[in-house]
Amino acid sequence: MNPQAKLVFTLSLLLGTTLTISSNHWITAWAGLEINTLAILPMISKSHHPRAIEAATKYFLTQATASALVLFSSMNNAWHTGQWDITQLTHPMSCLILTSAIAMKLGLAPFHFWFPEVLQGSPLITGLLLSTVMKFPPMTLLFMTSHSLNPSLLTLMAILSTALGGWMGLNQTQIRKILAFSSISHLGWMAMIISYSPKLTLLNFYLYAMMTATVFLTLNSIKVSKLSILMTTWTKIPSLNAMLLLTLLSLAGLPPLTGFLPKWLIIQELTKQDMIFAAMTISMLSLLSLFFYLRLAYCATITLPPHTSNHMKQWHTSKPTSTSIAILAVMSTTLLPISPMIYAMV
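What counts and how
Residues numbered from 1 in each chain as written. Predicted model: local features only at pLDDT ≥ 70, side-chain atom pairs only at ≥ 80, totals over all residues. Heavy atoms only, no water. UniProt positions renumbered as here; feature names shortened; annotations may be inferred. Helix = DSSP H or I, 4+ residues; strand = E, 2+ residues; numbered from the N terminus. Expected span 1.5 Å × (residues − 1). Buried < 20%, exposed > 50% of the residue type's maximum accessible area, 1.4 Å probe, protein only. Contact = heavy atoms within 4.5 Å. Patch = residues over 30% accessible without salt bridge, like charges linked within 9 Å, V, L, I, M, F, W, Y side chains within 5 Å. Areas by Shrake-Rupley, 256 points an atom, 1.4 Å probe, with all protein chains shown as cover. Salt bridge = Lys/Arg side-chain N within 4 Å of Asp/Glu carboxyl O. Domains from an automatic or database assignment. Buried area = accessible area lost by both parts, 1.4 Å probe. Polar contact = N/O pair within 3.5 Å; in protein donor to acceptor, adjacent residues only side chain to side chain. Nonpolar A, V, L, I, M, F, W, Y, C, P; charged D, E, K, R; others polar.

Per an unreviewed UniProt entry, the chain is named NADH-ubiquinone oxidoreductase chain 2, and its organism is Pycnonotus urostictus. What UniProt states about the chain under its Catalytic activity (unreviewed entry) heading is, verbatim, "a ubiquinone + NADH + 5 H(+)(in) = a ubiquinol + NAD(+) + 4 H(+)(out)".

A. Inspection of helix α4 (residues 92-106) at higher detail. Taking 1.5 Å of rise per residue, the 15 residues of α4 would be expected to cover 21 Å, and the 21 Å separating its terminal C-alpha atoms lies within 8% of that figure. Taken across its 15 residues, α4 has eleven buried, putting it largely inside the fold. Of the surrounding secondary structure, the elements contacted by the buried residues of α4 are α2 (26-44), α3 (50-81), α5 (114-120), α7 (136-145), α8 (151-168) and α9 (175-193).

B. Expanded view of a nonpolar patch on the surface. Taken together, the side chains of L7, L11 and L14 define a hydrophobic patch exposed on the protein surface, amounting to about 310 Å² of accessible area. With respect to the secondary-structure elements, L7 resides in helix α1 (residues 3-22). What makes L7 exposed here is its relative accessible area of 52%.

C. Layout of helix α10 (residues 198-221). With 24 residues, α10 should cover 34 Å at 1.5 Å per step; its first-to-last C-alpha distance of 34 Å lies within 8% of that length. Summarising burial for α10: 19 of the 24 residues are buried, a large majority.

D. Main features of the domain arrangement of the chain. Domain boundaries in the chain define domain 1 (1-138) and domain 2 (149-306 + 319-345). Tallying the contact residues gives 27 residues for domain 1 and 30 residues for domain 2. At the boundary of domain 1 with domain 2, total buried surface from both sides reaches about 2500 Å², with 79% on carbon and sulfur atoms. Of all residues in domain 1, L108, Q120 and L124 bury the most surface against domain 2, accounting for 26% of the area lost on that side. Taken together, the links from domain 1 to domain 2 amount to one salt bridge. K177 is the partner of E117 in a salt bridge, and the nearest nitrogen-oxygen pair spans 3.4 Å. Applying the counting criterion to the domain 1 and domain 2 interface returns four residue pairs in polar contact (both at pLDDT 80 or more). Among the elements of the structure, α4, α5 and α6 (124-131) are those that each provide at least two residues to the side of domain 1 that touches domain 2. It is α4 that contributes the most residues to the side of domain 1 that touches domain 2, six residues altogether. Class assignment of the residues belonging to the side of domain 1 that touches domain 2 gives a composition of 17 nonpolar, eight polar and two charged.

Structure, rendered in structure tokens:
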């Protein structure tokens, strides 16, 4: 892609995200979401491959529908209450429509079907943007309206997202699709707690974005897109593969890694709210995700596939690992001991 075009699209992404997260009025928030959508589309379709064009088309149609629903819910609320302020969403029908719209924007079940297909058709760096940066504006809207939304509906969608994210990721061989279902599963945890502790949702999102960025940047560095290639990369940068193993286990939420912190705090908060059954259900469903994280980790570091066909071992690269990957990898695995300080900061 032309560097000038890339700069324009990147600046548009920053502008759209900033506009949405800093606005109090529904129209400016909607405008920011639209700028974001239009900026990411050329990044998805830049390879001109039919799969990339298909992914861009699916993304555009889904996001346009979700944006229309956001606008419709805000207009409906303004019609009944006279309020355009985001925090003043009080009309029940508007709240229901907005929940559906944001679920569609984020890829929460049952509006999740577009996300794995779009991620599969995108380059790894664009996939990283779709999994983290593009989810931040809808997450801030969810944060600002969390007091008005229906907790029972969000809990149902959260359990469904965690179940489907874990279940549908089990038989995947494409790494981008596995990470898409991982994202759906993590969003389930965030939706579960948003009505009771919105700050905890944001903490979960920040840590998820950090760990996902580490995984995507590592995979981009070793040029891997499916499990069969991942199995042969352990000779390429052994130290990076070892950190990929730990980051994947952190994404799974295993102690004593960073990813255990948000799950621990969410289960603790759900217990305080007397939602023992919901806490037990979501904890058991996260074991499904644990299986495919372990599968990825196993393929990344431990062994070659157990069959006799010859695999071309890759040359050990002399290219140094980027500083950003090193910093993110360390933070993705070692922040649990300072969790009281992190929680106090949020």
